[in-house]
Amino acid sequence: MFKEKRVSVSQNRPGCFAAFAVFWLAISLPIFLIALRDGEMTGILIGGLFVAIGVAILGYALLVAYTRARIGKPEILLSNTTLRVGETFTVSYLHTFKRDVTVGEIHLQLIFRETATYQQGTDTRTVTHDHMIDERTEPGGSFQAGSLINQTYEFQIPPDGMHNLDVRRNKLQWILRMKMSVPRLPDFVEQIDLDVVPEMA
Amino acid sequence: MAKADISITLHRDDGGTDYTTFSPGKMLRGTVMIMPDSDVNCEHLYVHLGWHTEGRGTRFTQKVETRDLFQGTLSAGRPMTREFDFVLPASPWSYDGHYISIVWTVTAQLDVRWAKDPQHSEVIVLRPSATPTSESTW
């Protein structure tokens, strides 16, 4: 019995990348053009490097957006939206391909993520560590437009596992991640944050 | 500077022999013993129950509950014992991970005027008893 469709949150955010690239280019491009006009070699080299970085980021954002447009958005449904430690839950993965596409293996991963933020001098740094708890893999292949993948998987939050925790600069988080590789394009990644409460199943 | 030996002994109600692992929602009972080296004017003898994070992230500390067990003068060489109890909260559970650990402690703090407070902590593991305790295997 599937209670609720969860909104999946993309890890690859092409819109954010593109906006950042445009902002980057809006600053670096005029500097580069001025240096080019004045024939200043140092300005051309440094400005050119910055412009190249902006173009690379923009290119990556466009590739991610293109991958998403080709693959289409999968529907991931969970049997339970609030989970207890030790609880088994069912994930239904439904994906209709929009266009003809060849994809590599499809991975559905249950991950426990630690995110720690700390101060180093004047910098604030964040590190993450993913514990891969469980993984299901579907074979890849060529899919025609309208092809459907409809699979159901069972996962369990381990009985010796931990619940979610979010306090200042320390975060423990359960995630369900779907990852699909597409030849010559960035990986297609979707993730759902799971709500695991401090109770035993 | 005030100097005193402080020790904490924890008890179980359920007859178990593990005196460091406790279940959420259960009663934690204990005894704190103070042995002062000299006469000490004790403003307060506090026992705190709390938890903090350890590891890479900036430390987060939370005092959950405090008991004020004694106010008065402690005489040199004369031990004083006080009992305390706490109802343990539901969360967070103790955890020992890659970057982050969650550590629960019971801390006895002797509050003395114009000096550093002598204190002593005991680490406890807060975890439902149905599960293997303390360290995660993953």
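Along each chain, residues carry numbers from 1 onward, in the same order as the chain's sequence is written. Chain letters and ligand numbers both follow the written order, the letters beginning at A and the numbers at 1. Local features are withheld for residues below a pLDDT of 70 in this predicted model, meaning they are given only at 70 or higher, and side-chain atom pairs are given and counted only at 80 or more; totals for whole chains, interfaces and linings count all residues. Heavy atoms from the whole structure form the basis of all side-chain values; hydrogens and water molecules are not counted.

Some thoughts on the overall build of chain A
1) Next: When its secondary structure is counted, chain A shows two helices and 13 strands.
2) Next: As defined in this context, the radius of gyration uses C-alpha atoms, and a globule is described by 2.2 Å times the residue total to the power 0.38. Here chain A has a C-alpha radius of gyration of 21 Å; the compact-globule value for 201 residues is 17 Å, and the former is much larger.
3) Next: Seen along its three principal axes, the alpha-carbon backbone of chain A occupies a region of about 70 × 50 × 25 Å.
4) Next: Only protein chains enter the accessibility calculation, which uses a 1.4 Å probe; a residue whose area is less than 20% of its type maximum is buried, one above 50% is exposed, and one in between is partly exposed. Looking at chain A as a whole, 45% of its 201 residues are labelled buried.
5) Next: Residue pairs in contact within chain A that sit at least 24 positions apart in sequence constitute 72% of those at least 6 positions apart.
6) Next: Working definition of accessibility: Shrake-Rupley area with a 1.4 Å probe, residue cover restricted to the visible protein chains. Total accessible area on chain A stands at roughly 10,400 Å², and carbon and sulfur atoms take up 57% of it.
7) Next: On chain A, the mean spot of the 20 positive side-chain charges and the mean spot of the 21 negative ones are 5 Å from each other. Where helices and strands are cited, they refer to DSSP runs of H or I of at least four residues and of E of at least two residues respectively, numbered from the N terminus. Contacts are assigned to residue pairs with any non-hydrogen atoms lying within 4.5 Å of each other. Within this scheme the basic residues Lys and Arg register as positive and the acidic residues Asp and Glu register as negative, but His and the chain ends are omitted. A charge is said to be at NZ when it belongs to Lys, at CZ for Arg, at CG for Asp and at CD for Glu.

Here's the deal with the interface of chain B and chain A
How big an interface is tends to be stated in terms of the accessible area lost upon association of its parts.
1) Next: Opposite the 23 residues of chain B that make contact, chain A presents 30 residues.
2) Next: Buried surface area refers to the total accessible area, computed with a probe of radius 1.4 Å, that the two partners give up upon joining, counted for both partners together. Regarding the contact of chain B and chain A, the summed buried area is about 2,200 Å², with carbon and sulfur atoms giving 68% of it.
3) Next: Salt bridges are identified by distance alone: a Lys or Arg side-chain nitrogen within 4 Å of an Asp or Glu carboxyl oxygen. Taken together, the links from chain B to chain A amount to zero salt bridges.
4) Next: Of all the secondary-structure elements, those providing two or more residues to the side of chain B that touches chain A are strand 4 (40-55) and strand 8 (100-112) of chain B.
5) Next: Partitioning the side of chain B that touches chain A into residue classes produces 12 nonpolar, nine polar and two charged. Put simply, Ala, Val, Leu, Ile, Met, Phe, Trp, Tyr, Cys and Pro go in the nonpolar bin, Asp, Glu, Lys and Arg in the charged bin, and everything else, Gly too, in the polar bin.

With respect to the environment of A:Val55
1) Next: Here A:Val55 lies in helix 2 (residues 41-71).
2) Next: Here the alpha-carbon distance between A:Val55 and A:Val22, two residues 33 residues apart in the chain, equals 8.7 Å.

Examining the sheet that holds strand 6 (residues 80-87) of chain B
All names here are of chain B.
1) Next: Here three strands make up an open sheet; going across it, the order is 1-3-6 and the pairing antiparallel. Two strands close off the open sheet at either side, each with one partner strand: strand 1 (4-11) and strand 6. For this sheet the average axis-to-axis angle between neighbouring strands, irrespective of direction, equals 20 degrees.
2) Next: Think of it this way: DSSP has to see at least two bridges between two strands before they count as a pair. In this sheet, strand 6 lies alongside strand 3 (residues 27-36) in antiparallel orientation, the contact comprising eight bridges. Bridge pairing in strand 6 links Gly30 to Phe84. The axes are straight lines fitted to the C-alpha atoms, using for helices just the contacting stretch, and the angles between their N-to-C directions are given from 0 to 180°.

Remarks on unusual backbone geometry
1) Next: The omega torsion of the bond from B:Ser91 to B:Pro92 falls at -5 degrees, within 30 degrees of zero and hence cis.
2) Next: Here B:Pro92 is to be found in the loop between strand 6 and strand 7 (95-96).
3) Next: Non-glycine residue A:Arg184 carries a positive phi angle of around 65 degrees.
4) Next: On the secondary structure map, A:Arg184 appears in the loop between strand 12 (170-182) and strand 13 (185-200).

Observations concerning the pattern of salt bridges
1) Next: Applying the stated rule across the entire model yields 10 salt bridges over all chains.
2) Next: Close ionic contact of A:Glu190 with A:Lys73 constitutes a salt bridge, the shortest N to O distance being 3.4 Å. Pair noted here: A:Glu190 is in strand 13 and A:Lys73 is in the loop between helix 2 and strand 3 (75-78), with a separation of 117 residues, a long-range link.
3) Next: Given a relative accessible area of 0%, A:Glu190 falls into the buried group.
4) Next: Note that B:Asp85 is salt-bridged to B:Arg29, the shortest N-O span being 3.6 Å. With B:Asp85 in strand 6 and B:Arg29 in strand 3, the pair connects residues that are 56 residues apart, well separated along the chain.

Looking at the confidence of the model for chain B
1) Next: With 89% of its residues at a pLDDT of 70 or more, chain B has an overall mean of 89.
2) Next: Confidence drops under a pLDDT of 50 for residues 131-137 of chain B, and excluding neighbours within four residues, the segment shows 11 contacts in the predicted structure. Values of pLDDT, which run from 0 to 100, indicate the predictor's confidence residue by residue.

Section: helix 2 of chain A
All names here are of chain A.
1) Next: With 31 residues, helix 2 should reach 45 Å at 1.5 Å per residue; the first-to-last C-alpha distance of 44 Å fits that figure.
2) Next: Buried within helix 2 are the following residues: Gly43, Ile44, Gly47, Val51, Gly54, Ile57, Ala61, Val64, Thr67, Arg68 and Ile71.
3) Next: Just downstream of helix 2 lies Gly72, where phi reads positive at about 85 degrees. A helix's residues, less one, multiplied by 1.5 Å, set its expected span.

Here's the deal with a nonpolar patch on the surface
Residue and element names in this part refer to chain A.
1) Next: Patches in this entry comprise residues that are over 30% relatively accessible and not in a salt bridge; like charges within 9 Å are linked, as are nonpolar side chains (Val, Leu, Ile, Met, Phe, Trp, Tyr) within 5 Å. Judged by side-chain polarity, Met41, Leu45, Ile46, Leu49, Phe50 and Ile53 come together as a nonpolar surface patch covering roughly 590 Å² of accessible area.
2) Next: Looking at where Leu45 falls in the secondary structure, it is placed in helix 2.
3) Next: Residue classification places Leu45 among the exposed residues on the basis of a relative accessible area of 58%.

As for the domain arrangement of chain A
Residues and elements named next belong to chain A.
1) Next: Partitioning chain A into structural domains gives domain 1 (14-69) and domain 2 (73-200).
2) Next: The split into domains, and so the bounds of each, comes from an automatic or database assignment of domains. Here the C-alpha centre of domain 2 lies 32 Å away from the C-alpha centre of domain 1.
3) Next: Between domain 1 and domain 2, the contact holds seven residues from the first and eight residues from the second.
4) Next: Where domain 1 abuts domain 2, roughly 680 Å² becomes buried across the two surfaces, and 62% of that area is made up of carbon and sulfur atoms.
5) Next: Of all residues in domain 1, the largest losses of buried area upon contact with domain 2 belong to Thr67, Arg68 and Ala69, amounting jointly to 71% of the total for that side.
6) Next: On the surface where domain 1 and domain 2 come into contact, there are zero salt bridges.
7) Next: Here a polar contact is recorded for every N or O atom pair within 3.5 Å, except that within protein the pair must consist of a potential hydrogen donor and a potential acceptor, and residues adjacent in sequence are included only if both atoms are side-chain atoms. The interface formed by domain 1 and domain 2 includes zero residue pairs in polar contact (both at pLDDT 80 or more).
8) Next: Classifying every residue of the side of domain 1 that touches domain 2 by side-chain character gives five nonpolar, one polar and one charged.

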